[in-house]
Amino acid sequence: MAKSDLKNQIRRLRFENGEMTQQQLANKTGVTRQTIIAIEAGKYAPSLPLAFKIARTFGMPIEDIFQYEDEDSQPSATSPDA
Amino acid sequence: MNMTQKGAWFGIYLSAMLVAVAVVDLTGILDYKGFPTPGIIVWHMLLAVVFFVLPIVWLNRSRKKSKVELDERDRVIIKRSVIAASVSGFTILCISYLVALFLLGAEASIKISLLSAIIYVAFIFFMLILSLVVLVQYGWGGKDGEK
């Protein structure tokens, strides 16, 4: 699948939350581990419900986990990368 | 490799088997002369069980029922593949129609068996394209389906 412009902090957050495995995150959000792998790698942009599930799993606002970037815009101010 | 990928590989296998059946029937490798029609039908049903039903049973047995098998990403991949395969199958039917129209003319007629063969080929194309597009989107089944 095409690489999306959606950056995310899932990998970092997993390690900060007790070194949560991809399978554990997948189980908590009701998807397969492959989908978590694809999201982390930026190969798949999750649906809004799934993005909210991931955000609630980490107990953070959705924009702290996902940042949309395109040619015309700067990275989000809430992004840890900014 | 998840169930969708396994299903796609099975689709390729099934397409290959359908092509093999067509080749055997068209070339007459197996001579059925002298065999009663019910016997030939039973023989084909036996082949169908061995080559089609048993692999499906094996696929179902290998499922891990506790895990999520199909999620939103899989559905997106399947949806795209079905669209691509439907367009391919429809294109084959349209090309067949146009070739027949220009070669034979609008007033010509064809045998029902030839019509069946055209639908058979379109079905094989549908299944093959469906399987290939699924596998391409997963990355040909690299480690855990991701490269």
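Residues numbered from 1 in each chain as written. Chains lettered and ligands numbered in written order. Predicted model: local features only at pLDDT ≥ 70, side-chain atom pairs only at ≥ 80, totals over all residues. Heavy atoms only, no water.

Student: Would you explain helix H1 (residues 3-27) of chain B in this entry?
Tutor: At 3.6 residues per turn, the α-helix brings residues three or four places apart onto the same side. With 25 residues, H1 of chain B ought to run about 36 Å at 1.5 Å a step, and its terminal C-alpha atoms sit 36 Å apart, in line with that. Taken residue by residue, H1 of chain B has Thr4, Gln5, Ala8, Phe10, Gly11, Leu14, Ser15, Met17 and Leu18 of chain B as its buried positions. The secondary structure elements touched by the buried residues of H1 of chain B are helix H3 (33-40) of chain A together with helix H2 (37-61), helix H3 (72-104) and helix H4 (112-138) of chain B. (Helix = DSSP H or I, 4+ residues; strand = E, 2+ residues; numbered from the N terminus. Expected span 1.5 Å × (residues − 1). Buried < 20%, exposed > 50% of the residue type's maximum accessible area, 1.4 Å probe, protein only. Contact = heavy atoms within 4.5 Å.)

Student: Sorry if this is basic, but what is going on with the pattern of salt bridges here?
Tutor: Side-chain pairing between opposite charges can occur once the charged atoms of the two side chains come close. Residue and element names in this part refer to chain A. Overall, the coordinates contain 3 salt bridges over all chains when judged by the stated rule. Note that arginine 11 is salt-bridged to glutamate 40, the shortest N-O span being 3.8 Å. Of this pair, arginine 11 sits in helix H1 (residues 10-16) while glutamate 40 sits in helix H3, placing them 29 residues apart in sequence. Overall, arginine 11 belongs to the partly exposed group, its relative accessible area being 48%. (Salt bridge = Lys/Arg side-chain N within 4 Å of Asp/Glu carboxyl O.)

Student: What exactly am I supposed to notice about the confidence of the model for chain A here?
Tutor: The predicted coordinates should not be examined in detail at positions where pLDDT is low. Here chain A averages 82 in pLDDT, while 80% of its residues score no lower than 70. Mean pLDDT across the secondary structure elements of chain A bottoms out at strand E1 (residues 6-8) of chain A, with 85, and peaks at helix H4 (residues 48-58) of chain A, with 93. (pLDDT = per-residue confidence, 0-100.)

Student: How should the packing of H1 of chain B against H4 of chain B be read in this particular structure?
Tutor: In a packed pair of helices, the relevant descriptors are the angle between the two axes and the axis-to-axis distance. Residues and elements named next belong to chain B. Interhelical geometry of H1 versus H4 gives an angle of 150° and a closest axis separation of 8 Å. Relative to H4, H1 is oriented roughly antiparallel. Classified by chirality, the crossing of H4 by H1 is left-handed. Where H1 abuts H4, its residues Thr4, Gln5, Ala8, Trp9, Gly11, Ile12, Leu14, Ser15, Leu18, Val19, Val21 and Ala22 lie against Tyr120, Phe123, Ile124, Met127, Leu128, Ser131, Leu132, Val134, Leu135 and Tyr138. (Axes fitted to C-alpha atoms, helices over the stretch in contact; angles between N-to-C directions. Parallel < 35°, antiparallel > 145°, perpendicular 65-115°, else oblique. Left-handed = near helix turned anticlockwise from the far one by under 90°.)

Student: Can you walk me through a nonpolar patch on the surface in this structure?
Tutor: All names here are of chain B. The grouping of Leu93, Ile95, Val99, Leu103, Leu104, Ile110, Ile112, Leu114, Leu115 and Ile119 at the surface amounts to a nonpolar patch, some 940 Å² of accessible area in total. Mapped by element, the contributors of at least two residues to the nonpolar patch are H3 and H4. Broken down by element, the residue count for the nonpolar patch peaks at 5 residues, all from H3. Residue valine 99 is classed as partly exposed on the basis of its relative accessible area of 42%. (Patch = residues over 30% accessible without salt bridge, like charges linked within 9 Å, V, L, I, M, F, W, Y side chains within 5 Å. Areas by Shrake-Rupley, 256 points an atom, 1.4 Å probe, with all protein chains shown as cover.)

Student: How should the interface of chain B and chain A be read in this particular structure?
Tutor: It is common to give the size of an interface as the accessible area lost on bringing the parts into contact. Facing the 18 residues of chain B at the interface are 15 residues of chain A. Taking both partners together, chain B and chain A bury about 1400 Å²; carbon and sulfur atoms supply 47% of that area. Here chain B and chain A share 0 salt bridges between them. Where chain B packs against chain A, one counts 5 residue pairs in polar contact (both at pLDDT 80 or more). Within the residue set of the side of chain B that touches chain A, elements represented by two or more residues are H3 and H4 of chain B. With 6 residues, H3 of chain B is the largest single contributor of residues to the side of chain B that touches chain A. Residue composition of the side of chain B that touches chain A, by class: 4 nonpolar, 4 polar and 10 charged. (Buried area = accessible area lost by both parts, 1.4 Å probe. Polar contact = N/O pair within 3.5 Å; in protein donor to acceptor, adjacent residues only side chain to side chain. Nonpolar A, V, L, I, M, F, W, Y, C, P; charged D, E, K, R; others polar.)

Student: Please explain H3 of chain B as it appears in this structure.
Tutor: Along its 33 residues, H3 of chain B runs 47 Å from first to last C-alpha, staying within 8% of the 48 Å computed at 1.5 Å per residue. By the burial criterion, the buried members of H3 of chain B are Glu72, Arg73, Asp74, Ile77, Ser81, Ala85, Ser88, Gly89 and Ile92 of chain B. Buried residues in H3 of chain B make contact with H3 and H4 of chain A together with H1 and H4 of chain B. The N-terminus of H3 of chain B is capped by aspartate 71 of chain B, whose side-chain oxygen sits 3.2 Å from the backbone nitrogen of arginine 73 of chain B.

Student: How do you make sense of the side chain of serine 15 of chain B when you look at a structure like this?
Tutor: As for its position among the elements, serine 15 of chain B is in helix H1. The residues contacting serine 15 of chain B, other than those within four sequence positions of it, are Ile124, Met127 and Leu128 of chain B.

Student: Whenever I open this one, the nonpolar core confuses me. Can you help?
Tutor: General note: in soluble globular proteins, nonpolar side chains tend to be found buried as a group. Membership of the largest hydrophobic core comes to 17 residues, with the highest contact counts inside it found for Ile10, Leu25, Ile39, Ile54, Phe58, Ile65 and Phe66 of chain A. Secondary-structure elements contributing two or more residues to this core are H1, helix H2 (22-29), H3 and H4 of chain A. Per element, the largest residue contribution to this core is 5 residues, and it comes from H4 of chain A. Once you skip the residues sitting within four places of it in the chain, phenylalanine 66 of chain A turns out to touch Leu6, Lys7, Asn8, Ile10, Ile39, Pro46, Ala51 and Ile54 of chain A. Counting residues in hydrophobic clusters, the runner-up holds 6 residues, among them Leu14, Leu18, Leu59 and Met127 of chain B. (Core = buried A, V, L, I, M, F, W, Y, C linked by side-chain atoms within 4.5 Å.)

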